[in-house]
Amino acid sequence: MQVEELAISGVKILRPKKHGDSRGFFSEVYNRHALGDAGIDIDFVQDNHSLSSERGVVRGLHYQTPPFAQDKLVRVIRGSIIDVAVDLRRSSTTYGKHVTAVLSADEWNQILVPVGFAHGFMTLEPNTEVIYKVSNYYAPEHDKGISWNDPDLGISWPIEERHAVLSDKDRRQLQFSQIVSPF
Ligand SMILES: Cc1cn([C@H]2C[C@H](O)[C@@H](COP(=O)(O)OP(=O)(O)O[C@H]3O[C@H](C)C(=O)[C@H](O)[C@H]3O)O2)c(=O)[nH]c1=O
């Protein structure tokens, strides 16, 4: 498995091996030992799967507060997304900064977003399916968010606001300046 560190410490791009043959392919998309060899020792407890039917669907920017904070290991099995992680670690030199990565079924890449980050993505194609492991259970009362297009975050999304598709919840998220990070 290939591992690439992104510009903010802790956020990594993983690319598991794909074994192709005349039938198709086989890939170990999660292997705890392989992650351990890459210095990643996380006990994932829940698998999530979302389908977004349109291009321009935004889910995020979300995080769960302790004691239900989540590490996330995200991959795309159909379509593609631009994935975003915002550093909410108050002592970090990159507090409030973000990294982005294009994840796609074609690239077969994954992103590891550790506890301490807000996470979200925008779909780049219709019918995009995202699968991800989280290291803590869903806890609605601990589910928090930041507005996806907060100018203070400076995230340059590839699809303009008027064409973005969001949940009512995500249309009402707080601005970055309004949150008190618990990390
Ligand atoms: C996250 C979650 C949601 N739900 C239920 C709650 C709602 O009835 C429905 C949709 O939830 P929500 O609108 O929060 O789903 P997303 O907007 O895709 O949220 C995700 O968006 C970004 C990408 C994230 O990083 C998080 O994993 C997660 O917050 O699924 C559950 O039953 N379990 C769960 O773990």
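Residues numbered from 1 in each chain as written. Predicted model: local features only at pLDDT ≥ 70, side-chain atom pairs only at ≥ 80, totals over all residues. Heavy atoms only, no water.

- As annotated in an unreviewed UniProt entry, the chain carries the name dTDP-4-dehydrorhamnose 3,5-epimerase and comes from Rubellimicrobium rubrum.
- Database annotation for the chain, UniProt heading Function (unreviewed entry): "Catalyzes the epimerization of the C3' and C5'positions of dTDP-6-deoxy-D-xylo-4-hexulose, forming dTDP-6-deoxy-L-lyxo-4-hexulose."
- In its Pathway (unreviewed entry) section, UniProt records this for the chain: "Carbohydrate biosynthesis; dTDP-L-rhamnose biosynthesis." (UniProt positions renumbered as here; feature names shortened; annotations may be inferred.)

Here we look at the layout of surface pockets
Working step 1: Its volume calculated, the largest pocket comes out at about 410 Å³.
Working step 2: Forming the boundary of the largest pocket are 24 residues, of which Arg 59, His 62, Tyr 132, Asp 143 and Lys 169 lie nearest the centre.
Working step 3: Secondary structure elements with two or more residues in the lining of the largest pocket: β5 (46–52), β6 (58–64), β11 (117–123), β12 (128–134) and α2 (168–171).
Working step 4: A total of six residues in the lining of the largest pocket trace back to one element, the largest contributor, which is β6.
Working step 5: Considered class by class, the residues forming the lining of the largest pocket number nine nonpolar, 10 polar and five charged.
Working step 6: Approximately 160 Å³ is the volume attributed to the second largest pocket.
Working step 7: No other element matches strand β13 (residues 143–145), which puts three residues into the lining of the second largest pocket.
Working step 8: Among the residues forming the lining of the second largest pocket, the class breakdown is five nonpolar, three polar and three charged. (1 Å grid on protein atoms, 1.4 Å probe; cavity = no way out; pocket = protein on both sides within 12 Å on 5 of 7 lines; lining within 4 Å. Points joined across faces, edges and corners; volume = space filled by probe spheres on them. Helix = DSSP H or I, 4+ residues; strand = E, 2+ residues; numbered from the N terminus. Nonpolar A, V, L, I, M, F, W, Y, C, P; charged D, E, K, R; others polar.)

Quick look at the site of the ligand
Working step 1: Lining the immediate surroundings of the ligand are Gln 46, Asn 48, Arg 59, His 62, Lys 72, His 119, Phe 121, Tyr 132, Tyr 138 and Lys 169.
Working step 2: Taking Gln 46, its side chain carries an N or O atom lying 3.0 Å from an oxygen atom of the ligand.
Working step 3: At 2.7 Å, a side-chain N or O of Lys 169 approaches an oxygen atom of the ligand.
Working step 4: Protein contact buries 65% of the 650 Å² of open area that the ligand shows by itself.
Working step 5: For the shell around the ligand, the secondary-structure elements that each account for two or more residues are β5, β6 and β11. (Near = heavy atom within 4 Å. Polar contact = N/O pair within 3.5 Å; in protein donor to acceptor, adjacent residues only side chain to side chain. Areas by Shrake-Rupley, 256 points an atom, 1.4 Å probe, with all protein chains shown as cover.)

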